[in-house]
Amino acid sequence: MTEGRELNSYDDRNYHVNVSKETTNEHIGHVCIHGYVLKVLNSLDSRHEDYVEAQNGMIIHVADKGIPTSRPVKNVQGRLMSLESFTCEKKSNRDQAPVLVCVVRLLKYLPGRILLGVPYSISLLSQIGRLTGRLDNALTDFQHPAHTRHRRIWNLTELPDLQKFLYCIKDNDRSKLIQEVLDSFRCDVTNSYSILKSGTLHADVNDYNILVSETPTNGDHDVMGILDFGDSVYSCYVFEIAIIMCYVILGSDVIDPIDAGGHTLAGYLSEFPLGRDDLKVLKQCVCARFAQSLVMGAYSAENDPENAEYVLSTAQKGWATLTNLWNTPQIELYNRWSRICREQYGIDAKFGGYN
C-alpha cells in the first residue's frame, strides 16, 4: 500500500487504499489505477457469511451486465472474503482486550463524488431513475437463497416492526402521522404482496450510494455508478423506486420536491416498467421510507446522545416533507407524476384506479 484514508461508513470500517503497480496476488490481472476499497464488516453482520457471499455474487452479476459499481476482487487465497480477528482497545487495565471477528473484503475503487449535496437538475434526476431501473433489470435473473432469508429493520417488508420504536417520537402529532403511515402500509401494501412484482433489490439506493461526476460544459452532474449492496434483499420492486424517490424528494431544493420524485420515477419506468398494482401503492411506500428514517433516527438519537444533534437537525426537513407528502391527496399526487411521465418522457404510467 502506498497510501490510504478512511471513508465515511455507518456500521463498518472502509478504507480507500492506493497500491503500487506490482502485486504478488496472482488473481489480480491488472492493478486498479484508482486503488481499492478495503471493507471491514461489523462483527454482527460478519456472522452471516452466506449473506456476504450473496452480495458479492450480486455485485459481480450486475457489473458483468454493465452497471458501474465497485467490484470485489479475490485475495491471495483466491477468495472474495476472509474472516479476520481484531483486538480492540481495553477499557481498563483490569479488562481483557475484546476480540472481534470480522469479514474483510477488497473491492475496486470507483471514482466520483456521492450525490449528497449535489444540486438536482431534471436530467440528473431522470438519470438516477434510469440507473436504478437498469440495476433492477440486470437483477431479474439473479437469485441467492440468503436474500430471501435475510431480515433487517431497514427492509420495507419489516415496516410493521417499526411500531416497537414509536415510543421514541415524543410529539403527539408526529406520532399520529407515523401511525397513519403504518396502518395504511399494513392495509394497502402488506396485504398486496402476492400481486406485487418481486425480485432481488439493492434496497438502499440513496444520496450516499450514488456516485456522480460534474459535467465540464455546464456545471451539471451525470450519474457514474452505484455502491453498497449491504441492504440487498428479495422483495417488491416498488420498494426500490420508492426508496430513491424518498431521498430525492427530501433533497430537492431547486426543483419542486414532488416533481423531483416524478422525474426520478419516469427515468426508472423507462428502464423497468411497473404495472398498475405496483404503482397504486407507491405513495404508501415512499411515505413508509420516510417513516423508517425518521423513527429510526429518533431511536438512534435516544441511544446515542453524542450524535443526537446531527440526527435531529436533519430530521426537521424530513418531518415537514413527510407531512406535506402524506397530506397531498393520492389522486393529485398520482396525476402529477403521471403527467410528468407522459408529457416529458412519453411514458404511460398507470396508477391502478387513479388514472
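Here's what I pulled together on the structure shown here. (Residues numbered from 1 in each chain as written. Predicted model: local features only at pLDDT ≥ 70, side-chain atom pairs only at ≥ 80, totals over all residues. Heavy atoms only, no water.)

Looking only at helices and strands, the chain has ten helices and eleven strands in total. In terms of overall dimensions, the chain is globule-like: its C-alpha atoms have a radius of gyration of 21 Å, near the 20 Å expected for 355 residues. Judged by the C-alpha coordinates and their principal axes, the chain covers about 60 × 50 × 40 Å. Considering the chain as a whole, with its 355 residues, one finds that 51% of them fall into the buried category. Once local pairs closer than 6 in sequence are excluded, the contacts in the chain between residues at least 24 apart make up 74%. Of the roughly 17,400 Å² that the chain leaves accessible, carbon and sulfur atoms contribute 49%. Between the mean site of the 35 positive side-chain charges and the mean site of the 44 negative ones, the chain shows a separation of 2 Å. (Helix = DSSP H or I, 4+ residues; strand = E, 2+ residues; numbered from the N terminus. Rg over C-alpha atoms; globule rule 2.2 N^0.38 Å. Buried < 20%, exposed > 50% of the residue type's maximum accessible area, 1.4 Å probe, protein only. Contact = heavy atoms within 4.5 Å. Areas by Shrake-Rupley, 256 points an atom, 1.4 Å probe, with all protein chains shown as cover. Lys, Arg positive; Asp, Glu negative; His and termini not counted. Charge placed at Lys NZ, Arg CZ, Asp CG, Glu CD.)

Here we come to the packing of aromatic side chains. Considering all chains together, one arrives at seven aromatic pairs under this definition. Their ring planes at 70° and their centres at 4.8 Å tell us that Phe-165 and Tyr-299 sit as a pair that is edge-to-face. You can see Phe-165 sitting in the loop between helix 3 (145–149) and helix 4 (172–188) and its partner Tyr-299 sitting in helix 8 (residues 282–303), a full 134 residues away along the chain. Judged by relative accessible area, Tyr-299 falls into the partly exposed class, the value being 26%. Within the aromatic cluster, the residues linked to one another by ring pairs are Phe-185, Tyr-193 and Phe-239. Residue placement shows Lys-197 over the ring face of Phe-272; its charged tip is 4.3 Å from the ring centre. In this structure, Lys-283 packs its charged tip against the face of Trp-326, placed 5.2 Å from the ring centre. (Phe/Tyr/Trp six-rings, centres within 6.5 Å; stacked < 30°, edge-to-face > 60°. Lys NZ or Arg CZ within 6 Å of the ring centre and 35° of its normal.)

Our next topic: unusual backbone geometry. In this structure, Ala-203 is a non-glycine residue whose phi angle is positive, near 70°. Relative to the helices and strands, Ala-203 is located in the loop between strand 8 (198–201) and strand 9 (210–214). Take Ala-203: its relative accessible area is 6%, and that puts it in the buried class. In this structure, Asp-228 takes a positive phi of about 60° despite not being glycine. Here Asp-228 shows up in the loop between strand 10 (221–226) and strand 11 (233–236).

Looking now at the packing of helix 4 against helix 8. For the pair helix 4 and helix 8, interaxial distance at closest approach is 10 Å and the crossing angle is 135°. By the angle between their directions, the pair helix 4 and helix 8 is classed as oblique. Once helix 4 is placed against helix 8, the crossing between them reads as left-handed. Seen from helix 4, the contacting residues are Ile-178, Val-181, Ser-184, Phe-185 and Asp-188; seen from helix 8, they are Gln-284, Cys-285, Cys-287, Ala-288, Ala-291 and Val-295. Each residue belonging to the contact of helix 4 with helix 8 can be placed in one class, and the counts come to eight nonpolar, two polar and one charged. (Axes fitted to C-alpha atoms, helices over the stretch in contact; angles between N-to-C directions. Parallel < 35°, antiparallel > 145°, perpendicular 65-115°, else oblique. Left-handed = near helix turned anticlockwise from the far one by under 90°. Nonpolar A, V, L, I, M, F, W, Y, C, P; charged D, E, K, R; others polar.)

This part covers the sheet that holds strand 10. The sheet built from three strands is open, its strands ordered 7-9-10 with antiparallel pairing. The sheet terminates laterally at strand 7 (113–114) and strand 10, the two strands that pair on one side only. Bridge analysis of strand 9 against strand 10 gives five bridges, and the strand direction is antiparallel. Considered in strand 10, the bridge of Ile-210 is made with Ile-226. Contacting strand 9 and strand 10, helix 2 (residues 122–138) crosses the sheet at an angle of about 20° to strand 10. (Pairing = 2+ DSSP bridges.)

With 17 residues, helix 4 extends 24 Å between its outermost C-alpha atoms, agreeing within 8% with the 24 Å of an ideal straight helix rising 1.5 Å per residue. By the burial criterion, the buried members of helix 4 are Ser-175, Leu-177, Ile-178, Val-181, Leu-182, Ser-184 and Phe-185. (Expected span 1.5 Å × (residues − 1).)

A few words on the pattern of salt bridges. Across all of its chains, the model carries 14 salt bridges by this definition. In this structure, the salt-bridge partner of Asp-161 is Arg-151, at a minimum N-O distance of 3.9 Å. Of this pair, Asp-161 sits in the loop between helix 3 and helix 4 while Arg-151 sits in the loop between helix 3 and helix 4, placing them ten residues apart in sequence. Judged by relative accessible area, Arg-151 falls into the exposed class, the value being 60%. (Salt bridge = Lys/Arg side-chain N within 4 Å of Asp/Glu carboxyl O.)

Another point: the environment of Thr-323. Note that Thr-323 resides in helix 9 (residues 308–327). You can call Thr-323 partly exposed: its relative accessible area is 32%. Separated by 136 residues in the primary sequence, Thr-323 and Cys-187 have C-alpha atoms spaced 20 Å apart. Separated by 2.8 Å, the side chain of Thr-323 and the backbone oxygen of Trp-319 make a polar contact. (Polar contact = N/O pair within 3.5 Å; in protein donor to acceptor, adjacent residues only side chain to side chain.)

Function-wise, these values are silent; they only describe arrangement.
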